[in-house]
Amino acid sequence: MKKLIISFIFFPVSFFIQKAEAQKGSGLAKELMKEDSATVAAIAIYPEIVRKNILEASVAPEALVKIEILQENTSEYFKSALKDYPKETQIRIWDIARYPGLLDRMADGGKKSKEELKKIATDYPSDVTETILESGRKDHELLVKMNELNKKSETAFETLTKDYPEKQKSAFRELVKHPETVKLLTSGMRLTVLLGDAYKKDREAVRETLDSLSLVYAEQNAKNLEDWKNGLEKNPEAKKEMEDAAKKFANDEGYDEDELEISDQSVVVNYVYYPYPYWMGYPYWYDYPYWYPYPYWYDWGFYY
């Protein structure tokens, strides 16, 4: 079981360097991978538009550090405001905050009637409807407080970035919608500085290098995934072990084991991910960065 997972996750860095260089004809991939292969790999697998924003932001690494400091401070304010409430209440607030504009719509204009809440809920995924109805009735004062904190955080962010070119300000705004990207860049600051410097000197070359790496990773990951699935099919014991572990994970994390039931094997599941808001942070009860509360079947690689 462990061998299957390890073979799926890891692949020699030299392989990706050689293939990327073959496609790009440049030593830039090798230079960046030598500096911090894990971070380069993480950047490369993002969609092109996110990679573009990462590159634009890397030109101003000092702004990224300031943004991270602001996030650390604001997330403490949010957690402090929530700490005296029952965990069930906190879960509702954190869940509502994930959906763009929902907190603001529920908080502004006074406490909403059930019908008004139902109308708001129609604009969001059905799995948050009950949370909207329950929280709208029980948590209005707290919703208002959290919304005020969120607005203050956004104002502080705009003030912090106001003197940067519009292209970079736009990149910063987009990256905070992908909270893990800011952490990725600040935790690997040495690489970020080098990446930003290279991008300033030759934007096209850096973009092409990451495009080449992205293609290589996509091809190899697709092959690895297929090999992994085939390996599980040939090893029923390992497959059952993984299913049992996934069910335990679902139980521990509060997921409903039956929340994904698909009888048609040809169905493709497109799951839309709503991360916890950057300024608020992720819930304190997770002891590791957990920005995206995926369903357990996603966390464990099940696409029935």
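Preceding this paragraph is the structure being described.
What counts, and where the lines are drawn
- Residues numbered from 1 in each chain as written.
- Predicted model: local features only at pLDDT ≥ 70, side-chain atom pairs only at ≥ 80, totals over all residues.
- Heavy atoms only, no water.
- Helix = DSSP H or I, 4+ residues; strand = E, 2+ residues; numbered from the N terminus.
- Buried < 20%, exposed > 50% of the residue type's maximum accessible area, 1.4 Å probe, protein only.
- Contact = heavy atoms within 4.5 Å.
- Areas by Shrake-Rupley, 256 points an atom, 1.4 Å probe, with all protein chains shown as cover.
- Phe/Tyr/Trp six-rings, centres within 6.5 Å; stacked < 30°, edge-to-face > 60°.
- Axes fitted to C-alpha atoms, helices over the stretch in contact; angles between N-to-C directions.
- Nonpolar A, V, L, I, M, F, W, Y, C, P; charged D, E, K, R; others polar.
- Polar contact = N/O pair within 3.5 Å; in protein donor to acceptor, adjacent residues only side chain to side chain.

Colleague: Please explain the overall build of the chain as it appears in this structure.
Modeller: In terms of regular secondary structure, the chain is built from 16 helices and zero strands. Counting over 304 residues, the chain shows a buried share of 43%. Sequence-distant contacts, at least 24 apart, represent 76% of the contacts inside the chain between residues at least 6 apart. Accessible surface, the chain as shown: approximately 16,900 Å² in total, 52% of it carbon and sulfur.

Colleague: Would you explain the packing of aromatic side chains in this entry?
Modeller: Aromatic rings in a pair are described by how distant their centres are and how their planes are angled relative to each other. If you walk through the whole model with that rule in mind, you get 14 aromatic pairs. With a centroid separation of 5.5 Å and an interplanar angle of 75°, the aromatic rings of W94 and W285 are classed as edge-to-face. Of this pair, W94 sits in helix α6 (residues 87-97) while W285 sits in the loop between α15 (236-253) and α16 (296-299), and the two are 191 residues apart along the sequence. Geometrically, the ring pair formed by Y288 and Y290 is edge-to-face, given 5.6 Å between the ring centres and 90° between the ring planes. Classification of Y288 by relative accessible area gives partly exposed; the value is 33%. You can call Y290 buried: its relative accessible area is 6%. Following the ring pairs from residue to residue traces out a cluster consisting of W94, Y284, W285, Y286, Y288 and Y290.

Colleague: Looking at this model, I keep getting lost on the packing of helix α5 (residues 61-82) against helix α13 (residues 189-201). Mind explaining?
Modeller: Packed helix pairs are specified by the crossing angle of their axes together with the interaxial distance, meaning the distance between the axes. Packing of α5 against α13 brings their axes to within 10 Å, and their N-to-C directions diverge by 140°. From α5, P61, L64 and V65 reach across to α13, where they touch M189, T192 and V193. The class makeup of the residues in the contact of α5 with α13 is five nonpolar, one polar and no charged.

Colleague: So what exactly am I meant to see when it comes to the environment of S37 here?
Modeller: With respect to the element layout, S37 can be found in helix α3 (residues 28-44). Its relative accessible area of 24% is what places S37 among the partly exposed residues. With 154 residues separating them in the primary sequence, S37 and L191 have C-alpha atoms 9.5 Å apart.

Colleague: Honestly, helix α4 (residues 48-58) in this entry has me stumped. Any pointers?
Modeller: Working note: α-helix, 3.6 residues per turn, so residues spaced by three or four point in the same direction. Of all 11 residues that make up α4, eight are buried, and the element is covered over most of its length. Every buried residue belonging to α4 is among V50, R51, N53, I54, L55, E56, A57 and S58, and all of these are buried.

Colleague: Honestly, the side chain of D139 in this entry has me stumped. Any pointers?
Modeller: In this fold, D139 is placed in the loop between α9 (129-138) and α10 (140-161). Within the structure, the side chain of D139 is placed 2.6 Å from the side chain of S135, a separation counted as a polar contact. In contact with D139, not counting residues within four places along its chain, are T89, R92 and I93.

So far we have only geometry, and geometry alone does not tell us how the molecule works.
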